[in-house]
Amino acid sequence: MSDPDAPAVPPAPTTPPRFLVAVLAFCGVVVAVMQTLVVPLLPHLPALTGSTPAAASWLVTVTLLTGAVCTPLLGRIGDMYGKRRVLLAALGVLVLGSVLCAVSSHIGVLIAGRALQGAALAVVPLGISIMRDELPPARLLPSVALMSSTLGIGAAVGLPVAALVVEHADWHAMFWVSAGLGLLDIALVLRQVPESPIRTRGRFDVLGALGLSAVVVSLLLAVTQGADWGWTSGRILGLFALAALLGPLWARHELRHPTPMVDIRVSARPAVLLANIAALLIGFSFYANALVTAQMVQEPTSTGYGLGASIVVSGLCLLPGGLSMVALSSLSARISATFGPKVTLVVASAIMAAGYLVRFFTSHQLWMIIAGATVVSAGTAIAYSALPALVIRAVPAGETGAANGLNTLMRSLGQAFCSAVVAAVLSSLTFRAAGRTAPTLHAYLVVFLVAAGAAVLALLVTLGLPGRRPAGPEVPAGRIPGAATGHGSTRQAGTAAEPRA
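Residues numbered from 1 in each chain as written. Predicted model: local features only at pLDDT ≥ 70, side-chain atom pairs only at ≥ 80, totals over all residues. Heavy atoms only, no water.

Engineer: Explain helix α6 (residues 123-134) to me, please; I cannot follow it from the model alone.
Structural biologist: Each full turn of the α-helix corresponds to 3.6 residues, which orients residues three or four apart in the same direction. Counted at 1.5 Å a residue, the expected span for α6 with its 12 residues is 16 Å, and the 16 Å between its end C-alpha atoms agrees. Burial analysis of α6 places 12 of its 12 residues in the buried class, which makes it a mostly covered element. For α6, every residue scored as buried is listed here: V123, V124, P125, L126, G127, I128, S129, I130, M131, R132, D133 and E134. (Helix = DSSP H or I, 4+ residues; strand = E, 2+ residues; numbered from the N terminus. Expected span 1.5 Å × (residues − 1). Buried < 20%, exposed > 50% of the residue type's maximum accessible area, 1.4 Å probe, protein only.)

Written out as structure tokens, the structure is:
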């Protein structure tokens, strides 16, 4: 006879797992495409919008800023108020931003639209959180691996597609297409994605959210604008000082708050801290591949190393890497299931470093450039698939969204630092070729060595991670009544309230 006072087990989701995973992964690809959509347009945007190159560059910078800020915030809100609900809101913001960019050529409106598009980056950690709550243990690792890889897949696919649009259609068409894809995402989520029953109780940490936003914006703004404003200018030094001042104050507040925006105690665990440091280094190493490949093959033949390729050809150079990321996400999951995600990340970091060494010695022929870029992308696919698995194993189920959001934020920080380093190297090592200033081949080789060094550092950091947990399937909290998984919060999902660890 059943006990009427016993907590009820939530009903199993009615959506077949393969449909749930396909829909969430498609959402991730669409959002990732949005991040790189304007990159092929950047040289032409000042003329198209009647603005300056500095103003046009904000169409990339602003998405980085809003994505970095909104990803951990929306992940936390999803943990507390419903992941599917917040996922739909993020996709709605993406559609709104796309429409703004589609109907205007004014630089201010375009920057506002791109800011809204950047906020949708939170779709990826939200999707991972939903997968943890809804999928059976056997499907969790491969599904999370695919979801995490969509960041790289979308970037690799988005560049050549956007380049084709730029060459053969009105550039506003890119944003109409992105708006349509966003609406399709919303319809698919409404039909195929259930709302997760697992929630984090408590009051949303507004002050913690504002503090984290201020620290992230100050740091990213200083890093991304340092080359233009001058690294020793008052504005840049002031932003770094502000981040250094606010950081400890924010951390002190988070340690005292009963339901913090970021649980500092959990984040300070070696398994979480080292995974986030590795994410920053992997993000740095990955982004160098995307930044320099297209530019390098487009350099004129007068430089002695450039291939004078078109914008479409340069974008297509990254397409094999994007396809490899699709294929290798399942392999990454199998490695993680057999040996643990720590081993997977070590292997991935080694592959990325090897890819850059290939690029260092083979930068004169197109097919060799593509081969080297694809090897780096292959390592990135395996790394991006392993990182959320490391986080999931180290944090309570009710904090999955916030924790994966923070991990995604660290990747974004790595990309921002990479952008600043690449810009500094390419602008300092130059020569005159056919009447124009261009980076030397040595400049690109330095970038490859720096990116390889970041991958090696990621490997060393990963070696410091705790070993794999004892064998046994991981069961998402909320599936077993009274399963205690919490730290710093209690959850309700038809289960008994879970005490603070």
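Engineer: Even after reading the chapter, I still don't get a nonpolar patch on the surface, so can you show me in this structure?
Structural biologist: Nonpolar side chains collect at one region of the surface, where V456, L457, L460 and L463 lie side by side and expose about 360 Å² of accessible area between them. Along the chain, the position of V456 falls in helix α18 (residues 441-463). (Patch = residues over 30% accessible without salt bridge, like charges linked within 9 Å, V, L, I, M, F, W, Y side chains within 5 Å. Areas by Shrake-Rupley, 256 points an atom, 1.4 Å probe, with all protein chains shown as cover. Salt bridge = Lys/Arg side-chain N within 4 Å of Asp/Glu carboxyl O.)

Engineer: Looking at this structure, how should I read the environment of G464?
Structural biologist: Mapping G464 onto the fold places it in the loop between α18 and β4 (491-492). A sequence separation of 190 residues divides G464 from L274, and the C-alpha atoms of the two residues are 7.4 Å apart.

Engineer: What is the right way to look at the packing of helix α9 (residues 206-229) against helix α10 (residues 234-256) in this model?
Structural biologist: The description of two packed helices rests on the angle between their axes and on the distance between the axes. α10 packs onto α9 with a crossing angle of 160 degrees between their chain directions and a minimal axis gap of 8 Å. In terms of orientation, α9 and α10 fall into the roughly antiparallel class. Read as a crossing pair, α9 and α10 show a hand that is left-handed. Residues that form the contact of α9 with α10 fall into these classes: 16 nonpolar, seven polar and two charged. (Axes fitted to C-alpha atoms, helices over the stretch in contact; angles between N-to-C directions. Parallel < 35°, antiparallel > 145°, perpendicular 65-115°, else oblique. Left-handed = near helix turned anticlockwise from the far one by under 90°. Nonpolar A, V, L, I, M, F, W, Y, C, P; charged D, E, K, R; others polar.)

Engineer: Please explain the packing of aromatic side chains as it appears in this structure.
Structural biologist: Given two aromatic rings, one states the distance between the centres and the angle between the planes to describe the pair. Scanning all chains against the criterion turns up five aromatic pairs. When the centroid spacing of 6.3 Å and the interplanar angle of 85 degrees are considered together, the rings of W171 and F175 count as edge-to-face. On the basis of an interplanar angle of 35 degrees and a centroid distance of 6.2 Å, the ring pair of Y356 and F448 is categorised as tilted. Of this pair, Y356 sits in helix α15 (residues 341-361) while F448 sits in helix α18; the two residues are 92 residues apart in sequence, bridging distant segments of the chain. Pair check on accessibility: Y356 and F448 agree, each one buried. Above the face of the W229 ring, R235 is positioned so that its terminal group lies 4.2 Å from the ring centre. Taking NZ or CZ as reference, R411 lies 4.3 Å from the ring centre of Y384, over its face. (Phe/Tyr/Trp six-rings, centres within 6.5 Å; stacked < 30°, edge-to-face > 60°. Lys NZ or Arg CZ within 6 Å of the ring centre and 35° of its normal.)

Engineer: Looking at this structure, how should I read the packing of helix α3 (residues 53-81) against helix α5 (residues 107-119)?
Structural biologist: Running from N to C, α3 and α5 point in directions that differ by 30 degrees, and their axes come no closer than 7 Å. Considered as vectors, α3 and α5 are oriented roughly parallel to each other. Where α3 crosses over α5, the two elements pack in a sense that is right-handed. Facing α3, whose interface residues are A55, A56, W58, L59, V62, T63, T66, G67, C70 and L74, α5 presents I107, L110, I111, R114, A115, G118 and A119. For the contact of α3 with α5, the per-class residue count stands at 12 nonpolar, four polar and one charged. (Contact = heavy atoms within 4.5 Å.)

Engineer: Would you take a moment to explain the confidence of the model for the protein for this structure?
Structural biologist: Averaged over every residue, the pLDDT of the protein is 81; residues scoring 70 or more account for 88%. Contacts of residues 1-13 to residues separated by more than four positions or lying in other chains number 18 contacts, the stretch itself having pLDDT below 50. Here residues 470-501 is modelled with pLDDT under 50, and outside its nearest four sequence neighbours on either side it reaches 85 contacts, counting other chains as well. (pLDDT = per-residue confidence, 0-100.)

Engineer: Sorry, what's going on with the pattern of salt bridges here?
Structural biologist: Opposite charge on two side chains lets them pair, provided their charged atoms get close. Considering all chains together, one arrives at two salt bridges under this definition. Notably, a salt bridge pairs D79 with K83, separated by 4.0 Å at the nearest N-O pair. Side by side, D79 and K83 carry an identical accessibility label, which is buried. Note that D133 and K83 form a salt bridge whose closest N and O atoms lie 2.8 Å from each other. Pair noted here: D133 is in helix α6 and K83 is in helix α4 (residues 83-103), with a separation of 50 residues, a long-range link. This pair shows no difference in class: D133 is buried, exactly as K83 is. Residues joined by salt bridges that share partners form a network here, namely D79, K83 and D133.

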